[in-house]
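Tertiary structure, described
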Amino acid sequence: MAKLIKNFINGTFYEPLTKEYIKNFNPAIGEAYMQVPSSAADDIEMAVRAAQRAWVSWSKFSIEKRARILIRIADLIEQNLEEFAIAETEDTGKPITLSRTVDIPRSAANFRFFGTAIRHFASESHAMEGQGINYTLRKPIGIVGCISPWNLPLYLFSWKIAPALAAGNCVIGKPSEVTPRTAFMLSEIAKEAGMPNGVLNIVHGLGPKVGKAIVEHPEIKAISFTGGSQTGVEIAKKAGPMLKKMSLELGGKNPNIIFADCDFDKMLSTTLRSSFRNQGQICLCGSRIFVERPLLERFKTEFAAKAYMMKVGDPMDKETVIGSLVSENHLNKVLHYVELAKEEGGTILTGGKQMRIKGRCSRGWFMEPTIIADLPYDCRTNQEEIFGPVVTIIPFDEEAEVIQMANSVEYGLSASVWTQNLTRAHKMAEQLEAGIVWINTWMMRDLRTPFGGVKNSGLGREGGWEALRFFTEPKNVCIAY
Ligand code: NAD
């Protein structure tokens, strides 16, 4: 019998009231190994009632007390790093090295960062010359919903939960049903860290069922969501008319723009990461690579040779660079895009196929790192989010031309630019339609900076003060002299 994951409500572990479960797969093995509650509206009702009771005392907790609990959670994640890393890798198929060095340390960092940030959070005052003064009070919202995706499970779940709790809210969290395990482990840690019952509730299940119940519950006053753009639209359709606060972090189709004057070696090693890290399943991956024509042939040859050599294999092997995709469905979606690219006239420089691994992963859902050239910038392959180990190469001659092509998609999450020309770098950064621009780097993150996208990549920003402002309501107090 596979191990059961349970809901965490009011500090207690519960089976879903429906008594229904869904299978949780280890994608590298291709087998179900756990069962996840398929919760529904009644479970959310129970969590909301617990949060309402908890709110009475939690809203009076001092900042210092809240901060200490969050920092204790960070400590406990770090103390159990290996166990968390193994769970994250078994749930997602991502290389264990990545879980150990990025996903889990960053999840701990999220709690530590917001546990510290809240101690420094201050509000504004506006003096009216000779007449009086205004000051802004910032109060927690109350009960908030946090819904996260499968690609960086604990990393993104904690990125929402930590600021929500730091700001003084009670949380109803729902991790992806595809990768629920580390969120379940977080429930255990939260209890150990002294989180009062009902302040953090984690309810598992399907998006259209339990996720929808969170979005529609009238007592949940704000929704922080990360996931696909279409899901974001669905959520906005329901939460909008209820006048809920919303933060939506959605899809991307990010340009990686390479000028001929770049530092080639640094660009190449970073581009391998920005293309294929986490099997290309990071919303920030640079899936459209624009290369200035004088560098095109050299780049194609060396990039394809290096991608071909990347070790795809058992995610538990510390030499593995590319693990399995998250699910069979997702693998099929990505392979479907490779077929589409061929139909659209693309040339596969390397990869393009499912990969069979020997040994215990022989039934896992692996794919070769794939590079496609010769596609027009405006074809479907170059416009739609693929979210897998697939990138395209598009040549360019002029700055204006590459800006137009880079901005031609419906998304606007991030962009990278590689050049040694400072003026050009600033000009490009200013003109790119994106929430985040990296110059001569990728995914270099300072947790204080605003994080999010423009156009169909989202609404609002996470990170630093932006997150703490989102999870609080400002109240202006005006005093006449
Ligand atoms: P998804 O939209 O399918 O699911 C995300 C979460 O929403 C899951 O927990 C899911 O159960 C829930 N959900 C689904 N339907 C819902 C509904 N109707 N109401 C409420 N909740 C619902 O996304 P995914 O496949 O898990 O993740 C991949 C997507 O996430 C990609 O598009 C990727 O670009 C995006 N993403 C964005 C960022 C960012 O910061 N912008 C970060 C990571 C991933």
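On a predicted model such as this, the values are computed, not experimentally measured, just so you know.

Parameters and conventions
- Residues numbered from 1 in each chain as written.
- Predicted model: local features only at pLDDT ≥ 70, side-chain atom pairs only at ≥ 80, totals over all residues.
- Heavy atoms only, no water.
- Helix = DSSP H or I, 4+ residues; strand = E, 2+ residues; numbered from the N terminus.
- Buried < 20%, exposed > 50% of the residue type's maximum accessible area, 1.4 Å probe, protein only.
- Core = buried A, V, L, I, M, F, W, Y, C linked by side-chain atoms within 4.5 Å.
- Domains from an automatic or database assignment.
- Contact = heavy atoms within 4.5 Å.
- 1 Å grid on protein atoms, 1.4 Å probe; cavity = no way out; pocket = protein on both sides within 12 Å on 5 of 7 lines; lining within 4 Å.
- Points joined across faces, edges and corners; volume = space filled by probe spheres on them.
- Nonpolar A, V, L, I, M, F, W, Y, C, P; charged D, E, K, R; others polar.
- Near = heavy atom within 4 Å.
- Polar contact = N/O pair within 3.5 Å; in protein donor to acceptor, adjacent residues only side chain to side chain.
- Sits in = over half its atoms within 2 Å of the grid points.
- Buried area = accessible area lost by both parts, 1.4 Å probe.
- Salt bridge = Lys/Arg side-chain N within 4 Å of Asp/Glu carboxyl O.

Turning our eyes to something else, we now look at unusual backbone geometry. Glycine aside, a negative phi is what most residues show, and trans is what most peptide bonds show. Despite not being glycine, Asn278 shows a phi value in the positive range, around 55 degrees. Turning to its location among the elements, Asn278 is positioned in the loop between helix H9 (264-276) and strand E14 (288-292). One non-glycine residue, Lys455, lies in the positive phi region at around 50 degrees. Mapped onto the fold, Lys455 is located in strand E23 (residues 454-455). Lys455 gets classed as partly exposed once you look at its relative accessible area, which sits at 33%.

Judged by nonpolar contacts, the single largest core of 93 residues is most densely connected at Ile73, Ile172, Met195 and Leu284. It is helix H5 (residues 153-166) that provides the largest number of residues to this core, a total of 10 residues. Composition of this core by domain shows at least three residues from each of domain 1 (3-250 + 457-480) and domain 2 (255-448). The residues contacting Leu284, other than those within four sequence positions of it, are Asn254, Leu413, Ser414, Ile436, Trp438, Trp442, Met443 and Phe451. If you look at the next biggest cluster of nonpolar residues, it comprises 27 residues, including Phe264, Leu272, Phe303 and Met310.

This part is about empty space enclosed by the protein. In this approach the atoms are scanned with a rolling probe the size of a water molecule, which exposes any empty space left behind. Summed over all chains, the structure comprises five cavities of 30 Å³ or more. The calculated volume of the largest cavity comes to roughly 100 Å³. If you go around the largest cavity, you meet 14 residues; those closest to its centre are Gly252, Gly280, Cys285, Ser287 and Phe387. A class-by-class count of the residues in the lining of the largest cavity yields six nonpolar, six polar and two charged.

In the vicinity of the ligand there are 30 residues, among which Ser148, Glu177, Thr231, Leu250 and Glu385 approach most closely. At 2.8 Å, a side-chain N or O of Trp150 approaches an oxygen atom of the ligand. Within the side chain of Lys174, a nitrogen or oxygen atom sits 2.8 Å from an oxygen atom of the ligand. More than half of the atoms belonging to the ligand lie within 2 Å of the grid points that define the largest pocket.

Our focus in this paragraph is the domain arrangement of the protein. Partitioning the protein into domains gives domain 1 (3-250 + 457-480) and domain 2 (255-448). The C-alpha centroid of domain 2 is placed 30 Å from the C-alpha centroid of domain 1. With 33 residues of domain 1 at the contact, the number on the domain 2 side is 34 residues. Taken over both partners, the interface formed by domain 1 and domain 2 buries close to 2,700 Å², and the fraction arising from carbon and sulfur atoms is 61%. Across the salt bridge formed by Arg363 and Glu31, the nearest N and O atoms sit 2.8 Å from each other. Our count for the domain 1 to domain 2 interface comes out at 12 residue pairs in polar contact (both at pLDDT 80 or more). No other element matches helix H4 (residues 96-120), which puts eight residues into the side of domain 1 that touches domain 2.

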